[in-house]
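Next come the chains, spelled out residue by residue.
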Amino acid sequence: MLSLKSKYRTHTCGELTEKNVGETVTLSGWVHRKRDHGSLLFVDLRDNYGITQCVFDGGDENLEKIHPESVIKITGTVVARDAEAINDKIPTGHIEIKSGKWEVLTNADVLPFPVFGDEDTGEELRYKYRFLDLRREKLHNNILMRNKMIKWMRDKMWDLGFSEFQTPLLTADSPEGARCFLVPSRLNHGKFYALPQAPQMFKQLLQVSGFDRYFQIAPCFRDEDLRSDRLLEFYQLDVEMSFVDLPDVQAVGEEVIPELIKTFAPDANVYPEIPHISFDDAMLKYGSDKPDLRNPILISDVSEIFRGSDFGIFANAVENGSVVRAIPAPNSADKPRSWFDKLTDYATKELGLGGLAYIVFGDEPKGPVAKKLDAERIAKLHEIAGDNSSLFFVCDEEEKAAKAAGKLRNKLGADLGLVNPRDFAICWVDNFPFFEPDEDRGGAPKFTHNPFSYPIATLEELSTKDPFTIKAAQFDMVINGIEMCSGGLRNYNPEIMKKCFDIAGYPIEAVEKNFSALYTAFKYGAPPHGGFGFGIDRLISEILGTGESLRETVAFPANQRGQDLLMGSPNEVTEQQLRDVHIKIRNKG
RNA sequence: GGGGUGUUAGCUCAGCUGGUUUAGAGCGUCUGCCUGUCACGCAGAAGGUCGAGGGUUCGAGCCCCUUACAUCCCGCCA
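Residues numbered from 1 in each chain as written. Chains lettered and ligands numbered in written order. Predicted model: local features only at pLDDT ≥ 70, side-chain atom pairs only at ≥ 80, totals over all residues. Heavy atoms only, no water.

### Section: the overall build of chain A
- For chain A, the count of helices and strands is 19 helices and 24 strands.
- Counting only C-alpha atoms and orienting by the principal axes, one finds that chain A spans roughly 90 × 75 × 55 Å.
- Each of the 589 residues in chain A was classed as buried or not, and the buried ones make up 47%.
- Contacts spanning at least 24 positions in sequence make up 67% of the contacts within chain A whose residues lie at least 6 apart.
- Accessible surface for chain A amounts to roughly 30400 Å². Of this, 50% is attributable to carbon and sulfur atoms.
- Of the charged side chains in chain A, 70 are positive and 90 negative; the average position of the first set lies 4 Å away from that of the second. (Helix = DSSP H or I, 4+ residues; strand = E, 2+ residues; numbered from the N terminus. Buried < 20%, exposed > 50% of the residue type's maximum accessible area, 1.4 Å probe, protein only. Contact = heavy atoms within 4.5 Å. Areas by Shrake-Rupley, 256 points an atom, 1.4 Å probe, with all protein chains shown as cover. Lys, Arg positive; Asp, Glu negative; His and termini not counted. Charge placed at Lys NZ, Arg CZ, Asp CG, Glu CD.)

Structural data, given as structure tokens:
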């Protein structure tokens, strides 16, 4: 490594130990904290590498007055601390600098919020002074860990034989679903570039060009409303491979991800199995296309148990095509009434359900539902729920019931403490339907995923089978209920591509127009290929356990309105700048 | 576009059912004291248009309306 020595320092604030006792050293850094004992002054000096205590015997009037976070240079002698003065919390805690000279390099004003300590501060203030926020221990470490993880991923991909590419950021709008960010072109009147939602087309073109194994730490942009789990601009570990089948692509994910987690979260318990769960199964048993497998609760369909029963609301709904899903809550039979009331409240307010039916299987089955059902039906439900438990019911049209049941499952898992946050449960969700009904077009088929996916069907099957039974060669990797990755095999066959677009209601010309580059490329010899993109920010966040927000893993994130409060972006531009790019601002509304 | 929650000192927050003076606490800041602290300690001081505007009331930080901003969720989004 390059020496960190300079005229400002002989050592960093994190490296001095008992071995250095007696040396004269110079350190530079931020005044982290002062402890003024009158004629004895302690200064904790901090830099990127650590904290070193400097002691001024006899005190120092000028230094006593300096504000925390001022940057100073100190020269002094390394001395061993007395046994009772050793601080085991920091690596440099066995020594201190008995200081002779010091000088201010830059002064700090009084801080808008403390750098020292971990007191919560509002995001608005933190983002306005992000440079201060980034000095705080936790965020500073997050960013350093992000660096290390990205380097690890890059090295790993190189080791696996992939080549690293860059692709354009100023490119064309691509048909992936999300809105693109647009950039006006000065040289081309009335035309716009789009920032990529992902380098999808480029990485496929690189396959057609014969590069065989592609990866990129790729910036991606989507102009959609933000959430704590979505960033304005985010990064994907973007991968594409030629001459592969689904298992070959997934093998790369299985090679990289568990090892990444174990490397950067040594305390983590990574489940050894990575099960494959079909989309249909995921929706039924977990009520989600991103199941959290740490949660042991499994949902069941109990529509048939309620069909023809005296529980009229459900029985009628089932006759009219609705389904009933049951969510068992283990060891909850002795919960107080208020616990059930709170869940009912959650179901009605958050999930928009009419109410929440449940049976408590304590000494004997209890609850309004239980009274309406005969013994045989109760027995079947008891078997699903298990002893000393309760069983919750959601009744609605299938998709809504599944999703509501899934949310209830998550809620119960959290409330009952069934989920260990340092467990990592990885799974593949696959066998997605290739087409889904488009409500805007009277239920006609539309692409479920992006139109790049390959259908698991021959040309003939595409013509003869019910489109809604066709599955996609497409998968997600889900970790702890978070969608980390999406990938699959690509549609590289112009004939099959045309057929798929035909079924989805697009004229052939639309393929040639929207997919011009790929469609043309595929006519000159395209290898079968597939790949995936991992959400790097989500991976980092989950591995670090930062909890709530992806923004805690990014040095300069935008706020929820897509603004950077430090740089003041987005901002207004001058009339001349607008004229240069041929743009006129429309009035609001 | 819709909904929840919030906005009180530089920061984090308390402030009960509308009525204890001059709206409080901790941290920070400032002043003084302190030779072994490491969240140092002790004493004191400054610091407030209670987001803004309007209303109800004898009386509003608290109730109502409008509005701004923040944050989270739904819609949207891989």
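### Description of helix H10 (residues 337-349)
- Between its first and last C-alpha atoms H10 spans 18 Å; for 13 residues at 1.5 Å apiece the expected length is 18 Å, and the two agree.
- Among the residues of H10, Trp339, Phe340, Leu343, Tyr346 and Ala347 are the ones counted as buried. All buried residues of H10 fall inside an arc of 115 degrees around its axis, so they share one side. Among the exposed residues of H10, those pointing more than 90 degrees away from its buried face are Arg337, Lys342 and Lys349.
- The inward-facing, buried residues of H10 abut strand E14 (323-329), strand E15 (357-361), strand E17 (389-396) and helix H13 (398-415). (Expected span 1.5 Å × (residues − 1). Arc of directions from axis to C-beta.)

### Section: the side chain of Gln204
- Structurally, Gln204 can be placed in helix H5 (residues 200-208).
- Other than its neighbours up to four places away in sequence, Gln204 contacts Glu240, Phe452, Arg490, Leu518, Phe522 and His529.

### What about the packing of aromatic side chains?
- All chains considered together, the criterion is met by 25 aromatic pairs.
- Seen in terms of ring centroids, Phe306 and Phe393 are 5.0 Å apart; in terms of plane orientation they differ by 75 degrees. Their pairing is edge-to-face. With Phe306 in helix H8 (residues 303-306) and Phe393 in strand E17, the pair connects residues that are 87 residues apart, well separated along the chain. Pair check on accessibility: Phe306 and Phe393 agree, each one buried.
- Each residue in the set Phe434, Phe435, Phe447, Phe452, Phe501, Tyr506 and Phe515 is aromatic and connected to the rest through ring pairs, giving one cluster.
- Across the ring face of Trp339, the terminal group of Lys335 is positioned such that the distance to the ring centre comes to 5.6 Å.
- Residue placement shows Lys411 over the ring face of Tyr346; its charged tip is 4.9 Å from the ring centre. (Phe/Tyr/Trp six-rings, centres within 6.5 Å; stacked < 30°, edge-to-face > 60°. Lys NZ or Arg CZ within 6 Å of the ring centre and 35° of its normal.)

### Re the protein's contact with RNA strand B
- Around RNA strand B, a shell composed of 47 residues is seen, among which Asp36, Ala85, Arg222, Asp225 and Arg561 lie nearest.
- Between RNA strand B and the protein, one listed contact pairs a phosphate oxygen with a backbone N or O atom of Gly122 at 2.9 Å.
- Counting only elements with at least two residues in the surface near RNA strand B, the list comes to strand E1 (24-36), strand E2 (40-47), strand E3 (50-57), helix H2 (123-128) and strand E23 (482-489). (Near = heavy atom within 4 Å. Polar contact = N/O pair within 3.5 Å; in protein donor to acceptor, adjacent residues only side chain to side chain.)

### Some points on the side chain of Ser390
- Checked against the element boundaries, Ser390 lands in strand E17.
- Among the polar contacts listed, one links the side chain of Ser390 to the side chain of Ser332, at a separation of 2.4 Å.
- In this view, Ser390 contacts Ile327, Pro328, Ala329, Ser332, Trp339, Phe340, Ile359, Val360 and Phe361; residues no more than four positions away in its chain are not counted.

### Observations concerning the sheet that holds strand E5 (residues 95-106)
- Strand order in the closed barrel formed by five strands is E1-E2-E3-E5-E4, with mixed pairing between adjacent strands. Here the average twist between neighbouring strands, direction ignored, is 55 degrees.
- Pairing of strand E4 (residues 71-80) with E5, which is carried by ten bridges, proceeds in the antiparallel orientation. In the sheet register, Gly76 faces E5, and the bridge partner there is Ser99. (Pairing = 2+ DSSP bridges. Axes fitted to C-alpha atoms, helices over the stretch in contact; angles between N-to-C directions.)

### Description of the environment of Glu84
- With respect to the helices, strands and loops of the structure, Glu84 is situated in the loop between E4 and E5.
- In this structure the C-alpha to C-alpha distance between Glu84 and Gln53, which are 31 residues apart in sequence, comes to 15 Å.

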